[in-house]
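Geometric and topological summary
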Amino acid sequence: MQAKIEELLKKKEEAKLGGGKERIKNQHDKGKLTARERIELLVDEGSFEEVDMFVKHRSTDFGLEKQKYLGDGVVTGTAKIDGRPVALYSQDFTVFGGSLSESHAEKIIKVLKLAMKTGIPVIGLNDSGGARIQEGVVSLGGYADIFLLNTLASGVVPQVSVVMGPCAGGAVYSPAITDFIFMIKNTSYMFVTGPNVVKTVTHEDVSFENLGGAETHASKSGVAHFVNENEVEAIASVRKLMSYLPLNFMDRSPKVEFDMSSITPQEELDSIIPDSPNKPYDMKEIINLIVDDNDFFEVHSHYAENIIVGFGRIGGRSIGIVANQPEVLAGVLDINASVKGARFVRFCDAFNIPLLVLVDVPGFLPGTEQEWNGIIRHGAKLLYAFCEATVPKITVITRKAYGGAYDVMNSKHIRGDFNFAWPSAEIAVMGPKGAVEIIFKKDIEKSENREAEIENKLNGYIEKFANPYIAAERGYIDDVILPRDTKIKLINSFSLLEKKVDTNPRKKHGNIPL
Ligand code: HXC
């Protein structure tokens, strides 16, 4: 028996070395950790339970039968993060560049299936040269099998991808289907075709980093939700993200202890909105004051900054926040903001995370660029997402709520559970100037003093519409609240809504405007 035990231990040691010491050194020299080092940092100490450590590839072409490594380039298994279970896989670049063989794909699929069966989130650490070239179409088949499983798991368990090296060609579509993508500056990149192909086809000269690096995807394409300086920071950020999420669509996010006696009126909130309606202010100031411990975990922070999305806790409960940002483009809704908001709302709804919507929106962005690129189609995504969401949904209008954007931003009419407004709220079909110029066009044209007439009509319009009371008269606003009382109001309302039940009509699936 002793000999057999020793043989097992020897094999385990061999598997842990992946592609060998030399390649591990190369990995470190590039500023990257190994697959196993990453797992160690990610999960609770000693909690990793590996599966399929002894799997090898089955290829016999191009001399591969002489190059076999235990594990075949991916480390898979289950572990715990803050005591809660996760399934994970971590591609090992030291074995054939982390490339995906048939067996490598089977290992990933096994953990995806296990995660779905047991209802636990999946975290994929990606670092791969793509399809195992020597295996040809079998490798492509492996990718397709993973895409299918990612799609089937979507909405069943949260799926998180951390891109920590190359991720190119069709391989990008696995992370793309998952819920969140993390990238690391300077060491990770994602693209469908690399700089060489780009050069041949479009004659553009572009570097790896500029074409598909972390900052590009965080700010230009919106593919990456999080960009981190290094792997250690990214992994800490993944752990933090997981703390807001439930394990699966039937579960609830973990609650954190909260001391209700710590709540006092927050007078700072009373003076954030400037006197002039055209002056910007930072909505994040309001968010940070409202969330517990001033701790707001922003998602997609570099993309479409005119809308803010992210997680926080209110009274110890996880919530998703969607907020217009008056400081960027006056908080207008454009194509990118609509898509960013819609995706986040759908994630929260899929995983029972209540939504808080903070509104200061002058409308949708006008212009040919927006119209020709489909602001109608894309704006409809955000509207659709809010309409179909059945989680607790609370809106607070801090200032402007104009036009279609008023309806879209979780208005009462589309099943907002509690819709509050601050006294500074202005709820109307459009901003005063535009409105006056349309409805009093003839009076203004006839008037001898055009400017005085506009001013006069403006004052009348502002007095009538630039307030929350007409909407409140109708019950579209449940209450006009003092900014300083917002937090306590939200704690009480979310608490009341904790057991909320709402459903949508039976169907195969809806047809969100894509
Ligand atoms: C087999 C691969 C491999 C691959 C890398 N390796 N990619 N082996 N299949 N796809 C091996 C190398 O032979 C090398 O082996 C080791 O991994 C490290 O690779 P290096 O080139 O030395 O590393 P580096 O200089 O860091 O370059 C990394 C790289 C490059 C940029 C990823 O290796 C590369 O361009 N690889 C090919 C990428 C590619 O074209 N893949 C197919 C894309 S199409 P040794 O033994 O020397 O350590 C695709 C389709 C998916 O993926 C479709 C899904 C639908």
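Structural notes, computed from the coordinates. (Residues numbered from 1 in each chain as written. Predicted model: local features only at pLDDT ≥ 70, side-chain atom pairs only at ≥ 80, totals over all residues. Heavy atoms only, no water.)

What follows deals with the site of the ligand. The full set close to the ligand counts 20 residues, and Arg23, Lys30, Gly97, Gly129 and Ala131 are the nearest of them. A distance of 2.7 Å is found between an oxygen atom of the ligand and a side-chain nitrogen or oxygen belonging to Arg23. Protein contacts shield 56% of the accessible area of the ligand, which totals 1,000 Å² for the unbound molecule. Among the secondary structure elements, those contributing two or more residues to the shell around the ligand are α5 (137-153) and β6 (166-168). Residue contributions to the shell around the ligand peak at three residues, all from α5. For the shell around the ligand, the class distribution of residues is 11 nonpolar, six polar and three charged. (Near = heavy atom within 4 Å. Polar contact = N/O pair within 3.5 Å; in protein donor to acceptor, adjacent residues only side chain to side chain. Areas by Shrake-Rupley, 256 points an atom, 1.4 Å probe, with all protein chains shown as cover. Helix = DSSP H or I, 4+ residues; strand = E, 2+ residues; numbered from the N terminus. Nonpolar A, V, L, I, M, F, W, Y, C, P; charged D, E, K, R; others polar.)

With that settled, the discussion passes to empty space enclosed by the protein. One way to see where empty space is left: roll a probe the size of a water molecule over the atoms. Inspection of the entire model under this criterion finds four cavities of 30 Å³ or more. Contributing to the lining of the largest cavity are 15 residues, with Gln91, Asn126, Ser128, Tyr143 and Ala171 lying nearest its centre. Among the elements of the structure, β3 (84-91), α5, β6 and α6 (173-177) are those that each provide at least two residues to the lining of the largest cavity. Among the elements that make up the lining of the largest cavity, the one with the highest residue count is β6 (three residues). Here the residues of the lining of the largest cavity are counted per class, giving 10 nonpolar, five polar and no charged. Looking at the second largest cavity, its volume works out to about 60 Å³. Contributing to the lining of the second largest cavity are Ala15, Gly18, Arg36, Leu70, Gly71, Asp72, Gly73, Val74, Val75, Asp92 and Val95. Among the residues making up the lining of the second largest cavity, the classes are represented as five nonpolar, three polar and three charged. (1 Å grid on protein atoms, 1.4 Å probe; cavity = no way out; pocket = protein on both sides within 12 Å on 5 of 7 lines; lining within 4 Å. Points joined across faces, edges and corners; volume = space filled by probe spheres on them.)

Summarising the element assignment, His217 is placed in helix α9 (residues 214-221). Judged by its relative accessible area of 9%, His217 is buried. Beyond its immediate sequence surroundings of up to four residues, His217 is in contact with Met183, Met190, Leu211, Gly212, Gly222, Val223 and Ala224. (Buried < 20%, exposed > 50% of the residue type's maximum accessible area, 1.4 Å probe, protein only. Contact = heavy atoms within 4.5 Å.)

A word on the packing of helix α4 (residues 102-118) against α5. Packing of α4 against α5 leaves a shortest axis separation of 9 Å and a crossing angle of 10°. Overall, the two elements α4 and α5 adopt an arrangement that is roughly parallel. On α5, the residues touching Glu102, Ala105, Ile108, Ile109, Leu112, Lys113 and Met116 of α4 are Val138, Gly142, Asp145, Ile146, Leu149, Asn150, Leu152 and Ala153. (Axes fitted to C-alpha atoms, helices over the stretch in contact; angles between N-to-C directions. Parallel < 35°, antiparallel > 145°, perpendicular 65-115°, else oblique.)

With that settled, consider the packing of aromatic side chains. Tallied over the full model, the rule gives 17 aromatic pairs. Between Phe182 and Phe226, the aromatic rings sit 4.3 Å apart at their centres with planes inclined by 15°, giving stacked as the arrangement. Here Phe226 lies in strand β9 (residues 226-228) and Phe182 lies in strand β7 (residues 180-184), a separation of 44 residues in the sequence. Here Phe182 matches Phe226 in class, with each residue buried. Aromatic pair Phe191 and Phe208: ring centres 5.6 Å apart, planes at 65°, arrangement edge-to-face. Within this pair, whereas Phe191 is found in strand β8 (residues 189-191), its partner Phe208 is found in helix α8 (residues 208-212), the two being separated by 17 residues in sequence. Relative accessible area serves as the criterion here: at 9%, Phe191 is assigned to the buried category. Assessed through its relative accessible area of 41%, Phe208 is described here as partly exposed. Three or more aromatic residues joined by ring pairs make a cluster, and in this case those are Phe180, Phe182, Phe226, Tyr244, Phe297, Phe311, Phe344, Phe347 and Phe351. The lysine or arginine in question, Lys32, covers the ring of Phe93, its NZ or CZ lying 4.5 Å from the ring centre. Taking the ring centre of Phe440 as reference, the NZ or CZ of Lys457 above it sits at 4.9 Å. (Phe/Tyr/Trp six-rings, centres within 6.5 Å; stacked < 30°, edge-to-face > 60°. Lys NZ or Arg CZ within 6 Å of the ring centre and 35° of its normal.)

In this section: the sheet that holds strand β5 (residues 159-163). If you walk across this open sheet you meet the seven strands as β1-β2-β3-β4-β5-β7-β9, and the pairing is mixed. With one partner strand each, in any of the chains shown, β1 (49-51) and β9 form the two edges of the open sheet. Averaged over neighbouring strand pairs, the angle between their axes works out to 20° when direction is ignored. Taken together, the three bridges between β1 and strand β2 (residues 74-81) define a ladder with antiparallel strand orientation. Across the sheet, Glu49 pairs through a bridge with Thr78, a residue of β2. Packing against the sheet, α4 makes contact with β1, β2, β3, β4 (122-126) and β5, and its axis sits at approximately 25° to β2. (Pairing = 2+ DSSP bridges.)

Looking now at the pattern of salt bridges. Across all of its chains, the model carries 28 salt bridges by this definition. For Lys25, the salt bridge identified is with Asp29, shortest N-O distance 2.9 Å. Separated by four residues within a single helix, Lys25 and Asp29 lie in helix α2 (residues 21-29), roughly one turn from each other. A salt bridge links Glu50 to Arg36; its shortest N-O distance comes to 2.7 Å. Here the residue Glu50 occupies a position in strand β1, and Arg36 occupies one in helix α3 (residues 35-42), the gap between them amounting to 14 residues. Classification of Glu50 by relative accessible area gives partly exposed; the value is 24%. Arg36 sits in the buried class, given a relative accessible area of 19%. (Salt bridge = Lys/Arg side-chain N within 4 Å of Asp/Glu carboxyl O.)

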